[in-house]
Amino acid sequence: MGGSGRGERLIVPLLAFLGVMAYALPMAVVSPALPIIGGELGVSPAEAAWALTGMTLSASVATPVVGRLGDLYGPRRVLLVVLPVGVLGQMISALAVSMPMLLGGRVLAGLGSGVFPLAYTIIRVSYPPDRTASGIGLMSSMLALGGALSWVIAGPVIDHLGWRWLIWVPAVALVPGTLAAWWIVPRTQPEPGAGVDWWGAVLFAAWMTAGLTALTQGVPWGWTSPGTLGLAATALVLALLWLLLESRIRDPLVDLTLMRVRGVWTANLGSLFAGYALMAAGLLFPLLIQLPASTGFGFGGTATDTAFLALPASVAMTLAGLSAGRLDRSMGSRMVLLTGGGLVAAGYGFTVVAHHQLWQLVVANVLRGIGLGFAYAAVATLVVAAVPIGRTGVATGVNTLVRTVGAGLGTQVSAVLVASFGGAERGFTVAFAVCAVLGVGLLAVALVSPREKIDERNPPLVLAETPP
């Protein structure tokens, strides 16, 4: 059922590869290099964190827009535009000689996040419901696989070749991947609609940028300084204007009525918590490992040491995501999310009280990795099950948006917490405790989530043969 008639079995693996190379790996690969990037470009750790946050912010805006465009014009057509733009952004990042240039490239590369809502739509329209959950689980695990690959290659590459080579790897790999997508991914009949809410996208980007800048500069400027308070007030006003606009136009960037559906808002809240918990670790653990041992709690390690510490967790998260589809069929997405939330809370909670030996960090990392693998797959399946097939792109785009907002908050809030305590151990403990609380939040989200499954009465859309 479905498929293009040419390489149908390759569709999901190809989309997974594109998800890794267009977004997951470029996002994750910068994390272990942040201390080195900051030193080379002459910026503080909080400013260097914008190499992560800039791409996260771009992805937050891009995912619902790209998802909506995919619903309107067909996911294959939009995919073949998004991929080259993402490659261009990665190339600019690799060649950056200043923080503004790096940030500009990362913002452009963030468009690669649009692969995920497009992929969810392609999977849903190409495969029957009993195979859809497995495909979604595989796609969701790609963020973890990107992290796993980044930790494998980051240490040796940084230590021997330099951080720029980390960005060239996914950029080069996307060239044959894009050609394969043109050949294999099927066309679908687009859904009718009014268009894209561009003003909503602009306002969303504006208030998110103002808010994250206020959060980032709160420590160096002072939390009560005119600059910080002015940015916070600007963010609040713009956010209110954005909400007013979204509630009044026909086709908003974020459909507020759709967001009231229980399966949608619970999945989005779960994505916010999971995104924060994932990316917070990407900042905290490298900093902790690479701090001098003379601090009394750092390990004085290298980027390679950080890689070997994080690799087991990334592999565990990938395997959990891959198995989530099978677990979903036997126990339901709600129970998968409940299990994931418990493991996230346990992993980070253990880190709060035990983080002075490497084996303690490994155990905690593996627990949270398995938990996040389950959580990511479960929330994606929940949101797909809750919406009509013609709204899959926009709904999963918003879900990815919320996840990337959470990821951006995870890096920035964690950086601010560490900086607020002057880089002392207490800052790391508080930052890990916040993540543990969010794990408990995932448990609560699971308890109020519906028991819906992907509607087997809603058949795949009519597919058009891909041209040779």
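Heads up: the structure comes first, above all this text.
Computed from a predicted structure; not experimentally measured. (Residues numbered from 1 in each chain as written. Predicted model: local features only at pLDDT ≥ 70, side-chain atom pairs only at ≥ 80, totals over all residues. Heavy atoms only, no water.)

**Q** So what exactly am I meant to see when it comes to the overall build of the protein chain here?
**A** Counting secondary structure elements, the protein chain contains 18 helices and 2 strands. Classification of the 468 residues of the protein chain by burial places 60% in the buried group. Relative to all contacts within the protein chain whose residues are 6 or more apart in sequence, the contacts with residues 24 or more apart total 83%. Of the roughly 17200 Å² that the protein chain leaves accessible, carbon and sulfur atoms contribute 71%. (Helix = DSSP H or I, 4+ residues; strand = E, 2+ residues; numbered from the N terminus. Buried < 20%, exposed > 50% of the residue type's maximum accessible area, 1.4 Å probe, protein only. Contact = heavy atoms within 4.5 Å. Areas by Shrake-Rupley, 256 points an atom, 1.4 Å probe, with all protein chains shown as cover.)

**Q** Whenever I open this one, the environment of Gly-263 confuses me. Can you help?
**A** Secondary-structure assignment places Gly-263 in helix H13 (residues 262-290). Look at Gly-263 and you get buried, because its relative accessible area is 2%. For Gly-263 and Ser-449, which are 186 residues apart along the polypeptide, the C-alpha to C-alpha distance reads 6.1 Å. Ignoring anything within four residues of it in the chain, the contact list for Gly-263 reads Leu-382, Val-383, Ala-386 and Pro-450.

**Q** How do you make sense of the packing of aromatic side chains when you look at a structure like this?
**A** The relative placement of two aromatic rings is captured by the distance of their centres and the angle of their planes. Going through the model one piece at a time under the given rule, you end up with 9 aromatic pairs. Among the aromatic residues, those joined into a ring-pair cluster are Phe-204, Trp-207 and Trp-242. Positioned over the ring face of Phe-116 is Arg-403, at 5.4 Å from the centre of the ring. (Phe/Tyr/Trp six-rings, centres within 6.5 Å; stacked < 30°, edge-to-face > 60°. Lys NZ or Arg CZ within 6 Å of the ring centre and 35° of its normal.)

**Q** Looking at this structure, I do not really get the pattern of salt bridges. What am I missing?
**A** When their charged atoms lie close together, side chains carrying opposite charge are able to pair. The tally for this structure, following the rule as stated, stands at 1 salt bridge. With a closest N to O distance of 2.8 Å, Glu-40 and Arg-164 form a salt bridge. Placement of the pair is Glu-40 in helix H2 (residues 34-41) and Arg-164 in helix H10 (residues 164-184), with a sequence separation of 124 residues. Overall, Arg-164 belongs to the partly exposed group, its relative accessible area being 23%. (Salt bridge = Lys/Arg side-chain N within 4 Å of Asp/Glu carboxyl O.)

**Q** What's the story with the environment of Leu-14 in this structure? I'm lost.
**A** Looking at where Leu-14 falls in the secondary structure, it is placed in helix H1 (residues 11-29). Sequence separation between Leu-14 and Ala-180 is 166 residues; the distance between their C-alpha atoms is 7.8 Å. When residues no more than four places from it in sequence are discounted, the contact partners of Leu-14 are Gly-177, Ala-180, Ala-181, Ile-184 and Val-185.

**Q** Would you take a moment to explain the nonpolar core for this structure?
**A** In summary, soluble globular proteins display a tendency toward joint burial of nonpolar side chains. Formed by 132 residues in total, the largest nonpolar core has its most connected members in Leu-15, Leu-79 and Leu-337. Of the residues forming this core, the biggest block, 15 residues, is contributed by H13. Not counting chain neighbours up to four residues away, the residues in contact with Leu-15 comprise Leu-79, Val-115, Ala-119, Ile-122, Ile-123, Met-139 and Val-185. (Core = buried A, V, L, I, M, F, W, Y, C linked by side-chain atoms within 4.5 Å.)

**Q** Would you mind going over helix H6 (residues 99-109) with me for this structure?
**A** Residue pairs three or four apart in sequence face the same way in an α-helix, which turns once every 3.6 residues. Of all the positions in H6, only Met-99, Leu-102, Gly-105, Arg-106 and Ala-109 are classed as buried. Looking straight down H6, one finds that the buried residues subtend no more than 130° of arc, so they occupy a single side. (Arc of directions from axis to C-beta.)

**Q** What should I look at first to understand a nonpolar patch on the surface in this one?
**A** On the surface, Trp-265, Leu-269, Leu-447 and Val-448 cluster together into a nonpolar patch covering about 340 Å² of accessible area. Those elements that place two or more of their residues in the nonpolar patch are H13 and helix H18 (425-448). By secondary structure assignment, the location of Leu-269 is in helix H13. The class for Leu-269 is partly exposed, based on a relative accessible area of 31%. (Patch = residues over 30% accessible without salt bridge, like charges linked within 9 Å, V, L, I, M, F, W, Y side chains within 5 Å.)

**Q** Please clarify how the environment of Leu-80 should be interpreted in this entry.
**A** As for its placement among the helices and strands, Leu-80 is situated in helix H5 (residues 75-94). Residues Leu-80 and Trp-182, spaced 102 residues apart in sequence, show a C-alpha to C-alpha distance of 6.9 Å. Discounting chain neighbours no more than four positions away, the residues touching Leu-80 are Thr-178, Ala-181 and Trp-182.

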